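Residue strings, one per chain:
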Amino acid sequence: MHPTLNIAVKAARRAASVINRASTQLDLLTVQSKSPNDFVTEVDRAAEQAIIEVLRDAFPGHWILAEESGESGPLNGQESEFAWIIDPLDGTTNFIHGMPQYAVSIAQTKNGVLEHAVVYDPNSNEMFTASRGAGAFLNDRRIRVSRRTRLSEALIGTGFPFRQFDNVDAYLAMFKELTQKTAGIRRPGAASLDLAYVAAGRFDGFWEMGLSPWDMAAGALLIQEAGGLVSDLSGEANYLTTGNVVAGTPKIFGQLLPIIQAWRPASMRA
C-alpha cells in the first residue's frame, strides 16, 4: 500500500472510532440542521477533526477541503499541488436514526487529479482503498466492477434529491424509466458507499444529482481503478464540479447514461 494511502487509512480509522463510540449513545446527540434535510452532529465535527489532525501531522503543506470546516490552506503558507477532500460521516441522516449505512470518505488529489481514496464502513469494518494506477481493494482483496452487460439484469444505486428540489421532476422521470428497464434500484443513503459498491460489483451502476465533491471523490477513484467508468451528466469528467454523477461497468454505463441524459433538465444541458 502506498505510504500516503496508509495515512488516509489511519485517519479513517481514527474517525471511525469517534463515530463508533457515539453510535451507542444516539439519544444524547445534538442534531443541527444546516439546511432542510441536511443535518450535522457533534460527531461529524469530531470525526472531521480527527481526520484533519492525522493528515496535518503527516502533510502540513497540503490543502484540505472538508464538509464541515470548509477549505483550509497549507500550514506553511506555501502553494501545494496536493489537496484532501473529506467527508467525515457520509450518511449522517442514517446515522442519527441508527440505520447502519454510513461511511468515512477521504480522497487526495494532485493538481486536481484523484490520486488516493479511502471509503470506510465502520459498521461492517469494510475498508475500500485505491491509488491511481494500482487498482482498487476491499480489505486488501482486489475488487473489480461486475461483469454484467445488460441493463435489464443490472442493480442500480441512486440517491433521491434531498437538499434542493428544483430537479425532482426530472429525477422522478429517470427513476420511472430505469425502474422498468433494470433488475432493481436501491437508495441506501450514503453516496460514497454506493460508489464503493459499484467498484466492488454489488451495484452495476449509480447516478445522482446535487452532490458535493466530498460525496464522490473517493468513490469515483475506486470505480475507475476497479475498471468502471464515471462521468457527469454530459459524459464528461466534471462531476466533482457539477455535483452530478453517473457511474457503472463499461457496458452498463453506456446504457445508463443516455437514459439519464434524455431526462436531464435544460439547466444541465449546456
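Our subject is the structure that appears above.
Bear in mind the structure is a predicted one, so any value in this text is a computation, not a measurement.

A. A look at the pairing of strand β5 (residues 82-90). Across the nine residues that make up β5, a large majority, eight, are buried. In this sheet, β5 lies alongside strand β3 (residues 63-66) in parallel orientation, the contact comprising four bridges. The residue of β5 that forms the bridge with Leu 65 is Ile 85. Of the pairings in the sheet, the one linking β5 to strand β6 (residues 103-110) comprises seven bridges and is antiparallel in character. When the bridges of β6 are listed, Ile 86 appears paired with Ile 106.

B. Broad picture of the nonpolar core. If you look at the biggest cluster of nonpolar residues, it comprises 36 residues, and the most contacted ones within it are Val 119, Phe 128 and Leu 222. Breaking this core down by element, the ones donating at least two residues are β6, β7 (113-121), β8 (126-131), β9 (136-138), α5 (191-199), α6 (213-225) and β15 (245-248). Sorting elements by how many residues they give to this core places α6 first, with eight residues. Once you skip the residues sitting within four places of it in the chain, Phe 128 turns out to touch Ala 117, Val 118, Val 119, Phe 137, Leu 138, Ile 143, Leu 193, Ala 196, Tyr 197, Ala 200, Arg 202 and Leu 222. Membership of the second largest hydrophobic core comes to 32 residues, among which are Ala 11, Ala 15, Leu 29 and Ile 51.

C. Just the sheet that holds β3, in detail. Pairing within the open sheet is mixed, and its eight strands lie in the order β4-β3-β5-β6-β7-β8-β9-β10. Single-partner strands in this sheet number two, and they are β4 (70-72) and β10 (141-143). Direction aside, neighbouring strands of the sheet carry axes that sit 20 degrees apart on average. Here β7 runs beside β8; their pairing, made up of six bridges, is antiparallel. Directly across from Val 119, in β8, lies its bridge partner Phe 128. Those strands touched by helix α1 (residues 3-23) are β5, β6, β7 and β8, and its axis lies near 35 degrees from that of β7.

Conventions used here
- Residues numbered from 1 in each chain as written.
- Predicted model: local features only at pLDDT ≥ 70, side-chain atom pairs only at ≥ 80, totals over all residues.
- Heavy atoms only, no water.
- Buried < 20%, exposed > 50% of the residue type's maximum accessible area, 1.4 Å probe, protein only.
- Helix = DSSP H or I, 4+ residues; strand = E, 2+ residues; numbered from the N terminus.
- Pairing = 2+ DSSP bridges.
- Core = buried A, V, L, I, M, F, W, Y, C linked by side-chain atoms within 4.5 Å.
- Contact = heavy atoms within 4.5 Å.
- Axes fitted to C-alpha atoms, helices over the stretch in contact; angles between N-to-C directions.

Remember, this is a structural readout, not a statement about activity or role.
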